[in-house]
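# Structural characterization, general
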Amino acid sequence: MRTINKYLHTDVLDTCQLSMGLTQLEPGSMWNTMPCHTHERRMEVYFYFDLSEDDVVFHLCGEPQETRHIVVANEQAVIHPSWSIHCGFGTRRYTFIWGMCGENLTYDDMDFIASKALR
């Protein structure tokens, strides 16, 4: 389970170039943004926090046929170009601020990538 708060978003106010929000995972939840996806018309950034010194988030990125991971600690960020997949899982629950910029008037253009297609 997770709670998604939309602060700068067309659901809340008129905006076309920037959207931002905060997502908080509930205790026992460690995965976010699955299935992973890309956004053809915008880039996305994640800023992770609410992690203890011993916890990390494994952030998946890259092209679907050649993924990579980044190990992210508390108060670290990851920036994604439009072609890069994104999803993450932590060693425990975490919170993150997300932001997207680009053409943000239509949100149904996410290109979901099937988990079995990831390499």
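Residues numbered from 1 in each chain as written. Predicted model: local features only at pLDDT ≥ 70, side-chain atom pairs only at ≥ 80, totals over all residues. Heavy atoms only, no water.

The protein chain goes by 5-dehydro-4-deoxy-D-glucuronate isomerase in an unreviewed UniProt entry, where it is assigned to Vreelandella olivaria. A UniProt comment under Catalytic activity (unreviewed entry) is attached to the protein chain, and it reads "5-dehydro-4-deoxy-D-glucuronate = 3-deoxy-D-glycero-2,5-hexodiulosonate". According to the UniProt record, the Pathway (unreviewed entry) comment for the protein chain is "Glycan metabolism; pectin degradation; 2-dehydro-3-deoxy-D-gluconate from pectin: step 4/5." (UniProt positions renumbered as here; feature names shortened; annotations may be inferred.)

Strand order in the open sheet made by the five strands is β6-β5-β8-β3-β10, with antiparallel pairing throughout. Strands with a single pairing partner mark the edges of an open sheet, and in this sheet they are β6 (66-72) and β10 (110-112). Strand-to-strand twist of the sheet, defined as the mean angle between neighbouring strand axes without regard to direction, takes the value 30°. Note that strand β3 (residues 31-39) and strand β8 (residues 86-90) share three bridges and pair antiparallel. For His-37, the partnering residue across the bridge sits in β8 and is His-86. (Pairing = 2+ DSSP bridges. Helix = DSSP H or I, 4+ residues; strand = E, 2+ residues; numbered from the N terminus. Axes fitted to C-alpha atoms, helices over the stretch in contact; angles between N-to-C directions.)

In spatial order, the strands read β1-β2-β9-β4-β7; together these five strands make up an open sheet with antiparallel pairing. Across the chains shown, the open sheet's two edge strands, defined by having one partner strand only, are β1 (2-8) and β7 (76-80). Within the sheet, the average angular offset between the axes of one strand and its neighbour, ignoring direction, is 20°. As paired strands, strand β4 (residues 42-49) and strand β9 (residues 95-102) are joined by eight bridges and run antiparallel to one another. In the sheet register, Glu-44 faces β9, and the bridge partner there is Met-100.

Now for the pattern of salt bridges. Taken as a whole and assessed by the stated rule, the structure comprises three salt bridges. With a shortest N-O distance of 3.1 Å, Arg-68 and Glu-66 are connected by a salt bridge. Exposure remark for Glu-66: the relative accessible area of 44% places this residue in the partly exposed category. (Salt bridge = Lys/Arg side-chain N within 4 Å of Asp/Glu carboxyl O. Buried < 20%, exposed > 50% of the residue type's maximum accessible area, 1.4 Å probe, protein only.)

This part covers the environment of Thr-15. With respect to the helices, strands and loops of the structure, Thr-15 is situated in the loop between β1 and β2 (18-25). Looking at Thr-15, the relative accessible area reads 16%, which means it is buried. Once the C-alpha coordinates of Thr-15 and Glu-103 are considered, the two residues, 88 residues apart in sequence, prove to be 9.6 Å apart.

Its place among the elements puts Met-20 in strand β2. Distance in space between the C-alpha atoms of Met-20 and Tyr-46 is 9.9 Å, their sequence separation being 26 residues. Every residue in contact with Met-20, bar those within four places of it in the chain, is listed here: Lys-6, Tyr-7, Leu-8, Ile-97, Trp-98 and Gly-99. (Contact = heavy atoms within 4.5 Å.)

Among the structural elements, Thr-38 can be located in strand β3. Judged by its relative accessible area of 10%, Thr-38 is buried. For Thr-38, the contacting residues outside a window of four places in its chain are Ser-82, Trp-83, Ser-84, Ile-85, His-86, Asp-109, Met-110 and Asp-111.

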